[in-house]
Amino acid sequence: MRYSIKRNLLNRSSRQTRLWLSTLAMFSLLWCQLASAVELDVPYVETPDDIATLMMDMAQITPEDYVIDLGTGDGRLVLAAVKRGATGLGVDLDPQRIEEANANARNAGVTDKVKFVIGDLFKTDISQATVLTLFLNSEVNMRLRPILFEQLKPGTRVVSHNFDMEDWQPDQQQELMVNDRNNYYIHDIFYWVIPAKVEGDWQWQMGKDQFQMSVSQQFQTIEAELRINQQTLIVKNATVTGTELKITAVNADGSQEYILNGQVTDNNITGTISSGFAGGDKPTNWHATRK
Ligand SMILES: C[S@@+](CC[C@H](N)C(=O)[O-])C[C@H]1O[C@@H](n2cnc3c(N)ncnc32)[C@H](O)[C@@H]1O
């Protein structure tokens, strides 16, 4: 009797244990499924090695660069940059990809040069990048675009495999045919430099001359109006590349040419102005401030 009660008790407790174990198993299965079912904005597709090399060439990676790759996959773009002496960060939402990227960094002996982290590319702080690499899609590029302009410093290079940024025209574009299992595919590489914000009204004094400049801007395309002592100059060419501003203008009768070179930092431009034709006058320093 005592034996049978004990057995019953044991049975009940083992039934409870089994129930607990199966509930636990169910929950861990559900958890694993949830964890592995990360909702990706872009599926995993690798950048071929030749394309990675071309991306590094176009970005002119140097040991001074800090390269961030959004949606890093197995880390190959950051690791290609590290081969050129750079340091970098790769971010991917898929933990399996980050495991692979870390294994690749270990195999290459460069774990001190790179960091691979699980994360959402839309929530990643990219402000320290000097180069940003992307292989995403058009829709994700367009969602990222305002974030790039908000966070990246002027002069930061952005290289994208296959996907452009619509009306933000690339500063450079190249295509390359790549053989993949006996099929040939054309890949496009797009390259931009984040332009400084030069839009607005600027003014400066040089000797007794008062200069005024109004600039309108659409990404890296600018139009400038320039006046000296209220006299309008004819602007022949105006460009902004990263932080570098270049303007060539002539006076109304075409007798005097002005070549302005300047570095833009926030509300200041500093540089030199040469005037006269055929290298006539010695360059003079200028410092403009935004009104
Ligand atoms: C086309 S693959 C590019 C992989 C790698 N950069 C390359 O060029 O070989 C896109 C990668 O983005 C990752 N991904 C998709 N959505 C993401 C998100 N919201 N945040 C971070 N990574 C994401 C995917 O897991 C995938 O590894």
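Residues numbered from 1 in each chain as written. Predicted model: local features only at pLDDT ≥ 70, side-chain atom pairs only at ≥ 80, totals over all residues. Heavy atoms only, no water.

**Concerning the overall build of the chain**
So, step 1. Regarding its fold elements, the chain presents five helices and 15 strands.
So, step 2. Within the chain, the proportion of its 291 residues that are buried is 40%.
So, step 3. Of all intrachain contacts in the chain linking residues separated by at least 6 positions in sequence, the fraction that spans at least 24 positions is 51%. (Helix = DSSP H or I, 4+ residues; strand = E, 2+ residues; numbered from the N terminus. Buried < 20%, exposed > 50% of the residue type's maximum accessible area, 1.4 Å probe, protein only. Contact = heavy atoms within 4.5 Å.)

**Some thoughts on helix α5 (residues 138-151)**
In an α-helix, one full turn covers 3.6 residues, which means residues spaced three or four apart are oriented alike.
So, step 1. Here α5 spans 20 Å end to end across 14 residues, near enough to the 20 Å set by a 1.5 Å rise per residue.
So, step 2. Along its length, α5 shows its largest kink, about 35°, at Leu144, and proline Pro146 lies within four residues downstream of that point.
So, step 3. The set of residues buried in α5 consists of Val140, Asn141, Leu144, Arg145, Ile147 and Leu148.
So, step 4. Summarising the contacts, the buried residues of α5 are in contact with β1 (66-70), β4 (131-134) and β5 (157-161). (Expected span 1.5 Å × (residues − 1). Bend = angle between axes of the 7 residues up to and from the residue.)

**Some words on the environment of Glu39**
So, step 1. Within the secondary structure, Glu39 is located in the loop between α1 (2-36) and α2 (49-59).
So, step 2. With a relative accessible area of 73%, Glu39 lands in the exposed category.
So, step 3. The spacing of Glu39 and Leu93 is 54 residues in sequence and 8.2 Å in space, taken between C-alpha atoms.

**Looking at the site of the ligand**
So, step 1. Neighbouring residues of the ligand: 22 residues in total, closest Asp41, Thr47, Gly71, Asp92 and Leu121.
So, step 2. For the ligand, an oxygen atom lies 2.5 Å from a polar atom in the side chain of Thr47.
So, step 3. A distance of 3.3 Å separates a nitrogen atom of the ligand from a polar side-chain atom of Asp69.
So, step 4. Burial of the ligand by the surrounding chains reaches 100%, relative to a free accessible area of 600 Å².
So, step 5. A class-by-class count of the residues in the shell around the ligand yields nine nonpolar, five polar and eight charged. (Near = heavy atom within 4 Å. Polar contact = N/O pair within 3.5 Å; in protein donor to acceptor, adjacent residues only side chain to side chain. Areas by Shrake-Rupley, 256 points an atom, 1.4 Å probe, with all protein chains shown as cover. Nonpolar A, V, L, I, M, F, W, Y, C, P; charged D, E, K, R; others polar.)

**Details of unusual backbone geometry**
So, step 1. Located in the positive-phi region is Arg181, a residue other than glycine, with phi close to 45°.
So, step 2. Position of Arg181 among the secondary structure elements: in the loop between β6 (172-180) and β7 (183-193).
So, step 3. Residue Asn182 is not a glycine yet carries a positive backbone phi of 70°.
So, step 4. Take Asn182: it is sitting in the loop between β6 and β7.

**Let's talk about the packing of α2 against helix α3 (residues 76-83)**
What describes two packed helices is the angle between their axes and the distance between those same axes.
So, step 1. In the contact formed by α2 and α3, the axes pass within 10 Å of each other and the chain directions differ by 55°. As far as their axial angle goes, α3 and α2 are oblique. The interaxial crossing formed by α2 with α3 has right-handed handedness. Where α2 approaches α3, its residues Asp49, Ala52, Met55 and Met56 are matched on the opposing element by Arg76, Leu77, Ala80 and Ala81.
So, step 2. Its residues assigned to classes, the contact of α2 with α3 shows six nonpolar, no polar and two charged. (Axes fitted to C-alpha atoms, helices over the stretch in contact; angles between N-to-C directions. Parallel < 35°, antiparallel > 145°, perpendicular 65-115°, else oblique. Left-handed = near helix turned anticlockwise from the far one by under 90°.)

**A word on α3**
So, step 1. With six of its eight residues buried, α3 lies for the most part within the structure.
So, step 2. Looking at α3, one finds that the buried residues are Leu77, Val78, Leu79, Ala80, Ala81 and Val82.
So, step 3. The secondary structure elements touched by the buried residues of α3 are α2, β1, β2 (87-92), α4 (95-108), β3 (114-118) and β4.
So, step 4. Looking one or two places after α3, you find Gly85, whose phi comes out positive at around 95°.

**Some details on the packing of aromatic side chains**
So, step 1. Scanning all chains against the criterion turns up nine aromatic pairs.
So, step 2. Geometrically, the ring pair formed by Trp204 and Trp286 is tilted, given 4.6 Å between the ring centres and 50° between the ring planes. In this pair, Trp204 is assigned in strand β8 (residues 200-206) and Trp286 in strand β15 (residues 284-290), connecting sequence segments 82 residues apart.
So, step 3. Take Trp204: its relative accessible area is 3%, and that puts it in the buried class.
So, step 4. Judged by relative accessible area, Trp286 falls into the buried class, the value being 3%.
So, step 5. A connected cluster of aromatic rings, assembled from ring pairs, spans Phe149, Trp168, Phe190, Trp192 and Phe219.
So, step 6. Positioned over the ring face of Tyr44 is Arg97, at 3.9 Å from the centre of the ring. (Phe/Tyr/Trp six-rings, centres within 6.5 Å; stacked < 30°, edge-to-face > 60°. Lys NZ or Arg CZ within 6 Å of the ring centre and 35° of its normal.)

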